[in-house]
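Given next are the chains, with one letter for each unit.
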Amino acid sequence: MKRVAILGSTGSIGTQALEVIASNPKRLAISMLTCNSRVDVLRGQIDRFRPKAVCVGRKADAAELGREYPRLKIYCGAEGIKEAIGTVDCDVVLNAIVGIAGLEPTIEAVRKGGLTVALANKESLVTAGRIVMEAARASSVPVIPVDSEHSAIFQCLAGNDENTIKRIILTASGGPFRGFARDRLTSVTVGDALIHPNWKMGRKITIDSATMMNKAFELIEAKWLYGMEAGRIEVVVHPQSIVHSLVEFDDGAVMAQLGHPDMKVPISYAFSGPDRWMTGTRGLDLIALRSLYFEEPSGEARRSLDLAYRVMHDSEATGHDSGAVALNGANEELVRLFLEGKIQFVDILDTLEYLIDSHRPMAITSIEDVFVVDRAARRAVLERLVVEPLLS
Ligand code: NDP
Ligand code: MG
């Protein structure tokens, strides 16, 4: 029986992970659940899965839960999550928190040791991939990807020598605005951008999929997970989302993982691998599909991917990883402003490009460094899009 802590249990990945756990009651048990503010959803999860501990964002919610569940250990806030990870017994920590808020919990889990980290929170690797992977190696903690593309690669690598990888090909659905040039994006609304053709996900990653910054971040995620230079990771647009990614090996063999888009498959594999458990996902009917098609990234997508390649090349040439941190922090702020209706969709990429053009790379040697660059990037966004327009 594996004891699982789910960080971000009330979100899209968190709730699907709970479905996987509910389908495997003899193999998996919940030790801890966390959320930020959706405490009512958490209450239902506590009643159903009986965790030993929970963590919530607000003190008032923690106090109320304490009165309702006197035997439950309750933690609160960013410090609380770290303390809980350090204290609560578990075999797997699934990090399904959104954004850089997931970074410190990842670090805490990899440093604790004696467990496996199942990582959905790609921002941990985007902002601190070098630190996370070094810490994981030092404490022999496996970091298992949950992101569908990286899980596909992980599955393709089973039984193969990682040193024989020639290149990695990440597939991208292209999102709702596949192939659109900038002039077709100027009137995009929040509603338009929140409709993803193939996946139902949290709001932040759905906007990232519309700008293709999600794929840009996945390039950086793959670089750190698989120790691969930027020049050997490519993106191909595959609107059907059936091929989840591919690996080409030195001998010319190409392995791919296919299936209907369903996050329960990579989530389940993160718990079960190399075994496979039933997920209830429907089988693939190749005859009904008839063909699989692929195209080159085009339009605005190219701009997003280029930003990732630029910061990866910088990091390889100088060892300075701050570009990716700035890209992530600025993007989080821009997505928030867009979702709040304060900026236009096209402002997201325009501002990211402007900030990376003017970014001076610096070494990132600690988590404190990450937060310094993150805060500066967020400030720069607010100055450019909120303060400057008020002054002009
Ligand atoms: P959601 O927004 O649906 O869920 C996020 C979870 O994190 C919620 O439980 C939320 O709590 C919690 N949370 C939010 N902010 C904080 C914070 N400051 N501190 C602690 N907890 C917080 O996101 P997704 O499930 O879509 O995505 C989670 C991660 O997985 C992201 O990094 C995403 O990129 C990655 N991912 C997601 C995929 C998907 O299909 N959804 C696919 C591949 C990767 P509350 O509910 O209380 O707000
Ligand atoms: Mg993905």
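Scroll up a little and you will see the structure.
Throughout what follows, the structure given in this document is the object of discussion. (Residues numbered from 1 in each chain as written. Chains lettered and ligands numbered in written order. Predicted model: local features only at pLDDT ≥ 70, side-chain atom pairs only at ≥ 80, totals over all residues. Heavy atoms only, no water.)

Taken together, the 4 strands give an open sheet; going across it, the order is β9-β8-β10-β11, and neighbouring strands pair in mixed fashion. In this open sheet, the two edge strands, each paired with only one partner strand, are β9 (233-237) and β11 (254-258). Taking each pair of neighbouring strands and ignoring which way they run, the sheet shows an average axis angle of 20°. Pairing analysis gives 5 bridges linking strand β8 (residues 165-172) to strand β10 (residues 243-249), with the strands arranged antiparallel. The partner of isoleucine 169 across the bridge, within β10, is leucine 246. Contacting β8, β10 and β11, helix α7 (residues 148-157) crosses the sheet at an angle of about 40° to β10. (Pairing = 2+ DSSP bridges. Helix = DSSP H or I, 4+ residues; strand = E, 2+ residues; numbered from the N terminus. Axes fitted to C-alpha atoms, helices over the stretch in contact; angles between N-to-C directions. Contact = heavy atoms within 4.5 Å.)

Turning next to the packing of helix α10 (residues 213-226) against helix α13 (residues 300-318). Remark: α10 packs on α13, axes separated minimally by 7 Å, with the N-to-C direction vectors making an angle of 25°. It follows from the interaxial angle that α10 and α13 lie roughly parallel. Crossing hand, α10 versus α13: right-handed. In contact with Met213, Lys215, Ala216, Leu219, Ile220, Lys223 and Trp224 of α10, α13 contributes Ser304, Leu305, Leu307, Ala308, Tyr309, Val311, Met312, Ser315 and Glu316. Split into classes, the residues belonging to the contact of α10 with α13 amount to 11 nonpolar, 2 polar and 3 charged. (Parallel < 35°, antiparallel > 145°, perpendicular 65-115°, else oblique. Left-handed = near helix turned anticlockwise from the far one by under 90°. Nonpolar A, V, L, I, M, F, W, Y, C, P; charged D, E, K, R; others polar.)

Before going further, it helps to spend a moment on the pairing of β11. As paired strands, β10 and β11 are joined by 5 bridges and run antiparallel to one another. Among the inter-strand pairings, glutamate 248 is bridged to a residue of β11, identified as valine 254.

Within soluble globular proteins, side chains that are nonpolar generally end up buried alongside one another. Core analysis: the largest hydrophobic core is formed by 92 residues, its most contacted members being Leu103, Leu219, Phe345 and Leu352. Apart from residues no more than four positions distant in its own chain, leucine 219 is found in contact with Leu170, Ile233, Val235, Leu305, Ala308, Tyr309 and Met312. Among the nonpolar cores identified, the runner-up in size contains 34 residues, and Ala17, Val54, Ala118 and Trp277 belong to it. (Core = buried A, V, L, I, M, F, W, Y, C linked by side-chain atoms within 4.5 Å. Buried < 20%, exposed > 50% of the residue type's maximum accessible area, 1.4 Å probe, protein only.)

Remember that the coordinates give geometry; whether it matters functionally is a separate question.
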